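Close look at the chain arrangement
Below, each chain spelled out in residue letters.
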Amino acid sequence: MDTSRWAAEPARTASPRRRGAVLERAILDAALEQLSTVGWKGLTMEGVATGAQTGKAAVYRRWPSKEDLVADALEAALPPVGGVPDLGSVREDLLVLCRRARDAMFSRPGFALRAVIHECDPAQAERFHGVIFEGVVEPTIQQLRDVVNRGIQRGEVRPDAANGYVFDAIPAMMMYRSKMCSSEWSDRDLEEMIDHLMIPLLRAHGV
């Protein structure tokens, strides 16, 4: 019998079985990948199991529902917010924050988060309220507040500009233009938003 074909093939070794934190990380990564590619409605527990190269039972043992799995995947993937910029002017500080927000929005976790925000019904979205607000919205608003308050102290910004409507303007505009206008927010787009919207909105009288 000709055994040359079998002899030429390298020996196959079984891949080590993943357990514990290693397996959980693989499942969370697979969930994030599905969210960023097929969205919330396209994500299935079976698809996540396939992506993680594990059995569906291993996913359900750790996360009894799709909502629980996605909430943990988002929380694990959200990048750190970073420190508040202090470049000496409100305009430059706001540009730094906007570039960070833009980069986060178009990262894999950002696509995944937007899929959840745009596709979930209100009952499902309630499960992600803590992750979204505590992990994204509140830190962003706090940094905007710090930048504006510093501008007030320098005399660049009018004192009554430190209010919730002003702090909501940048996140709302970026989300709206991204979703409704498919804007990818180039550096020039960000500069124009700051110069034509935020600076006139914040400018102190006589500056």
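I will try to describe carefully the structure that is included in this document. Given the structure is predicted, the values throughout are model-derived calculations rather than measurements.

Procedures and definitions
- Counting restarts for each chain: residues are numbered from 1 in the order of the written sequence.
- Per-residue local features of the predicted model are confined to residues with pLDDT of at least 70, and side-chain atom pairs are confined, for both listing and counting, to 80 or more; whole-chain, interface and lining totals are unaffected and use all residues.
- Water and hydrogen atoms play no part in the side-chain values, which are based on all heavy atoms of the structure.
- Helix and strand labels come from DSSP, where a helix needs a run of H or I of at least four residues and a strand needs a run of E of at least two; each type is numbered from the N terminus.
- Relative accessibility decides the category of a residue: with a 1.4 Å probe and only protein chains considered, values under 20% of the type maximum give buried, values over 50% give exposed, and everything between is partly exposed.
- Contact definition: two residues touch when any of their heavy atoms are within 4.5 Å.
- Computed with the Shrake-Rupley method and a 1.4 Å probe, the accessible areas treat only the protein chains shown as cover for residues.
- Here, nonpolar core refers to any group of buried Ala, Val, Leu, Ile, Met, Phe, Trp, Tyr and Cys residues whose side-chain atoms link them within 4.5 Å.
- Under this scheme, a helix contributes an axis fitted over its contacting stretch, all axes are lines through C-alpha atoms, and angles between N-to-C directions fall in the 0 to 180 degree range.
- Between 65 and 115 degrees an angle is taken as roughly perpendicular, under 35 as roughly parallel, over 145 as roughly antiparallel, and anywhere else as oblique.
- Working rule for handedness: look at the near helix, and if it is turned counterclockwise from the far one by less than a right angle, call the crossing left-handed; if clockwise, right-handed.
- Any N or O atom pair separated by 3.5 Å or less is treated as a polar contact, with the protein-specific requirement of one donor-capable and one acceptor-capable atom, and with residues adjacent in sequence counted only for side-chain atom pairs.
- Helix span is expected to be 1.5 Å times the residue number reduced by one.
- Under the pairing criterion, centres of Phe, Tyr and Trp rings, with the six-membered ring standing for Trp, must be within 6.5 Å; the plane angle then separates stacked pairs below 30 degrees from edge-to-face pairs above 60, leaving the rest tilted.
- Any Lys NZ or Arg CZ found within 6 Å of a ring centre and within 35 degrees of that ring's normal is scored as a charge over the ring.

A separate point is the overall build of the chain. For the chain, the helix and strand inventory stands at 11 helices and zero strands. Its helices and strands taken in sequence order, the chain reads α-α-α-α-α-α-α-α-α-α-α from the N to the C terminus. When each of the 207 residues of the chain is scored for burial, the buried share is 35%. Within the chain, residue pairs in contact and separated by at least 24 positions form 71% of the contacts whose partners lie at least 6 positions apart. Of the roughly 12000 Å² of accessible surface on the chain, 54% is carried by carbon and sulfur atoms.

Another point: the nonpolar core. Counting residues in hydrophobic clusters, the biggest one holds 30 residues, and the most contacted among them are Ile27, Leu35, Leu69, Val70, Leu74, Val116 and Phe128. Ranked by residues supplied to this core, first place goes to helix H2 (residues 20-42) with nine residues. Apart from the residues lying within four places of it in its own chain, the contact partners of Val116 are Leu35, Trp40, Val70, Leu74 and Phe128.

Attention now goes to the packing of helix H6 (residues 90-105) against helix H10 (residues 164-180). Packing of H6 against H10 leaves a shortest axis separation of 11 Å and a crossing angle of 40 degrees. Classified by the angle between their axes, H6 and H10 sit oblique to one another. Of the two possible hands of crossing, H6 and H10 adopt the one that is right-handed. Taking contact as the criterion, the partners of Leu94, Cys98, Ala101, Arg102 and Met105 in H6 are, on H10, Ile170, Met174, Met175 and Ser178.

Right, let's talk about the side chain of Arg158 for a bit. Mapped onto the fold, Arg158 is located in the loop between helix H9 (129-154) and H10. There is a polar contact of 2.5 Å between the side chain of Arg158 and the side chain of Asp160. If sequence neighbours within four positions are ignored, Arg158 has contacts with Ile152, Leu201, Leu202, Arg203 and Ala204.

Attention now moves to helix H5 (residues 66-77). Taking 1.5 Å of rise per residue, the 12 residues of H5 would be expected to cover 16 Å, and the 16 Å separating its terminal C-alpha atoms lies within 8% of that figure. Regarding H5, the residues found buried are Lys66, Leu69, Val70, Ala71, Ala73, Leu74 and Ala77. Contacts from the buried residues of H5 go to H2, helix H3 (45-52), helix H4 (56-62), helix H7 (108-119) and H9.

For the rest of this paragraph, the subject is the packing of aromatic side chains. In total, this model carries two aromatic pairs according to the counting rule given. Here Trp40 and Phe128 contribute two aromatic rings whose centre-to-centre distance is 5.5 Å and whose plane-to-plane angle is 80 degrees, an arrangement assigned as edge-to-face. Here Trp40, found in helix H2, pairs with Phe128, found in the loop between helix H8 (122-125) and H9; they are 88 residues apart in sequence, far enough to count as distant. The class for Trp40 is buried, based on a relative accessible area of 3%. Between the aromatic rings of Phe106 and Phe111, the centroid separation amounts to 5.9 Å while the plane-to-plane angle is 80 degrees, which identifies the pairing as edge-to-face. We classify Phe111 as partly exposed; its relative accessible area is 37%. Positioned above the aromatic ring of Trp185, the side-chain terminus of Arg177 is 5.5 Å from the ring centre.

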